[in-house]
Structure formats: structure tokens, C-alpha cells
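Report on the structure
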Amino acid sequence: MKDFTKSVLKTGATIAVLAGLAVYAWQGDKRSQKDAKEKDDRKKIISVAKEAVNAVEMRVRGVEAKITRADGRWLIAAPVKTDGDQAAIDALVGAFDTLRVERVVEEKPADLKAYGLDAPEITIRLAKADGTTVGLSVGMKNDFDNTYYLSRVGGTAVYQAPTSSRFSFDKDLFALRE
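Let me sum up the structure you'll find in this document. Starting from 1, residues in each chain are numbered consecutively following that chain's sequence as written. In view of the model being predicted, local features appear only for residues whose pLDDT reaches at least 70, and side-chain atom pairs are presented and counted only at 80 or more, with totals across whole chains, interfaces and linings using the full set of residues. The side-chain values count all of the structure's non-hydrogen atoms but skip hydrogen atoms and water molecules.

Across the sheet, 9 strands lie side by side as S4-S3-S2-S1-S6-S7-S8-S9-S5; this open sheet has antiparallel pairing. Bordering the open sheet on either side are strand S4 (82–83) and strand S5 (103–106), each of which pairs with just one other strand. In terms of strand pairing, strand S3 (residues 73–78) meets S4 through 2 bridges, oriented antiparallel. Bridge pairing in S4 links Ile 76 to Thr 82. Note: two strands are recorded as paired if DSSP finds a minimum of 2 bridges between them. A run of H or I in DSSP counts as a helix once it spans at least four residues, and a run of E counts as a strand once it spans at least two, with each numbered from the N terminus.

So, in C-alpha cells, the structure goes:
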């Protein structure tokens, strides 16, 4: 074979191998994006569009509050009647939809006291326009890995979530009023 023919064949083989690797990498990237989305969805424990929420009931460190939406505006109905801070309450409600947990600690714990969920410091319930409610309780801090224990109101599982999730829900009345 002539040198020219050999170099053309080598170049063609190299191009074919590189094209195959590119296709393989592209397919792998598509697969990893799909896996990441499925993994992200599995870590989501509550799904609610903030536009669908028309009331919030919360108990934070012993103080109970009721917040309602009327004509597109948030109003604090109890313990005092006043205008709510629209952005702060929207952020509180929106935090439910963005909440992701790190793992399920126990599906059916025998004792919620071990997680601070027998009498949680924070419990928030959202009432939707269709009459359904969703809620979340925040328990004690796990000092080992700086996470908090959570559970859905009415649910049995205990979850572990990053510290930032507690700060999203740890809002007193002063932070939520106009």
C-alpha cells in the first residue's frame, strides 16, 4: 500500500473513533441529566404552586398565626389583623415547592421525640383553593451533620434537610407583617 493510502485510512479510522466517542458522550450526558432530574424529584417531599395557596396556618416557637389571601394580597388574620409583607409570605409559601431533603431517616419511626417532632418548634400548613392542605413540621437539629429533621403534617416519614430549609420556615410574625 502506498503511504498516501495508509495515511487516508488512518485519518478515516481516527475520525470514526472520535465520532463514536462523541455520540457516546452525548448519550451519556442526556442520561445523566435525566437521572439528575429524577433524583431531584425524589428529594422533593411537597409540591405546591404558591398561586394555588389561599391560606397559611403556622405555629413557630409557640406563637400561632393565620394568614389569608384576599384579592391577591396576603393579610395576617390572627393573632392581630394587619397587612402581610407580600414578598416575605410569598417566599415562605414558595419555600415548600423548592424544599429538597437529603434523605429519608425513617419511614415509620416508633418515637418522634428522638427527632424533636413530637412537639415541633415549627409547623406550617398551607390551604389550597381546592380545599386540600399540605403541611410541614421542623424538628430538632442534628449536630453531627448540621441538618434538621422534618416531617409532613399527617405523614409518617422523617426526613433530613439542610439547615437552610429551617431558615426558610422559621419566620415570626414580625418578619411576615407589612
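A rise of 1.5 Å per residue sets the reference length of helix H2 (residues 86–98), with its 13 residues, at 18 Å; its end C-alpha atoms lie 18 Å apart and thus fit the reference within 8%. Buried residues of H2: Gln 86, Ile 89, Leu 92, Val 93, Gly 94, Ala 95 and Phe 96, and no others. N-capping of H2 is provided by Asp 85, with a side-chain oxygen placed 3.2 Å from the backbone N of Ala 87. A helix is expected to span 1.5 Å for every residue after the first. The buried label applies to any residue whose accessible area, calculated with a 1.4 Å probe on protein chains only, is under 20% of its type's maximum; exposed applies above 50%, and partly exposed to all values in between. The term polar contact refers here to a pair of N or O atoms within 3.5 Å; inside protein, the definition further demands a hydrogen-donor-capable atom paired with an acceptor-capable atom, and it admits residues adjacent in sequence only when both atoms are side-chain atoms.

Looking at the secondary structure, you find Ser 151 in strand S8 (residues 147–152). Residue Ser 151 is classed as buried on the basis of its relative accessible area, which comes to 10%. A sequence separation of 15 residues divides Ser 151 from Leu 136, and the C-alpha atoms of the two residues are 5.8 Å apart.

This paragraph deals with unusual backbone geometry. For the bond from Ala 78 to Pro 79, the omega torsion is 10 degrees, close enough to zero to count as cis. Tracing the chain through its elements places Pro 79 in the loop between S3 and S4. With a phi angle near 60 degrees, Asn 146 is a residue other than glycine that sits in the positive phi range. With respect to the element layout, Asn 146 can be found in the loop between strand S7 (133–142) and S8.

Turning to the packing of aromatic side chains, a few remarks are in order. In this scheme Phe, Tyr and Trp rings, the latter by its six-membered ring, pair at centre separations within 6.5 Å, and the angle between planes marks the pair as stacked below 30 degrees, edge-to-face above 60, and tilted otherwise. Taken as a whole, this structure holds 2 aromatic pairs when the rule is applied. Consider the rings of Phe 96 and Phe 169, whose centres lie 5.1 Å apart with planes at 75 degrees: the pair is edge-to-face. Taken together, the positions of Phe 96 in helix H2 and Phe 169 in helix H3 (residues 163–169) put the pair 73 residues apart, joining distant regions of the chain. Of the two residues examined, Phe 96 and Phe 169, each falls in the buried class.

What follows deals with the side chain of Gln 160. Tracing the backbone through its elements, the reader meets Gln 160 in strand S9 (residues 158–162). With a relative accessible area of 2%, Gln 160 lands in the buried category. A polar contact of 2.6 Å, which involves the side chain of Gln 160, links it to the side chain of Arg 103. For Gln 160, the side chain forms a polar contact with the side chain of Thr 147, separated by 2.9 Å. If sequence neighbours within four positions are ignored, Gln 160 has contacts with Val 101, Glu 102, Arg 103, Val 105, Asn 142, Asp 145, Thr 147, Tyr 148 and Tyr 149. Throughout, a contact is declared for two residues whenever any of their heavy atoms are within 4.5 Å.

Time to look at the nonpolar core. For this analysis, a nonpolar core means a set of buried residues of the types Ala, Val, Leu, Ile, Met, Phe, Trp, Tyr and Cys, connected via side-chain atoms within 4.5 Å. Grouped together as the largest cluster of nonpolar side chains are 32 residues, with contacts concentrated most on Val 56, Met 58, Ile 124, Leu 126 and Phe 169. Tallying contributions element by element places H2 first for this core, with 5 residues. Apart from residues no more than four positions distant in its own chain, Met 58 is found in contact with Val 63, Glu 64, Ala 65, Ile 67, Leu 92, Thr 123, Ile 124, Lys 171 and Leu 176.

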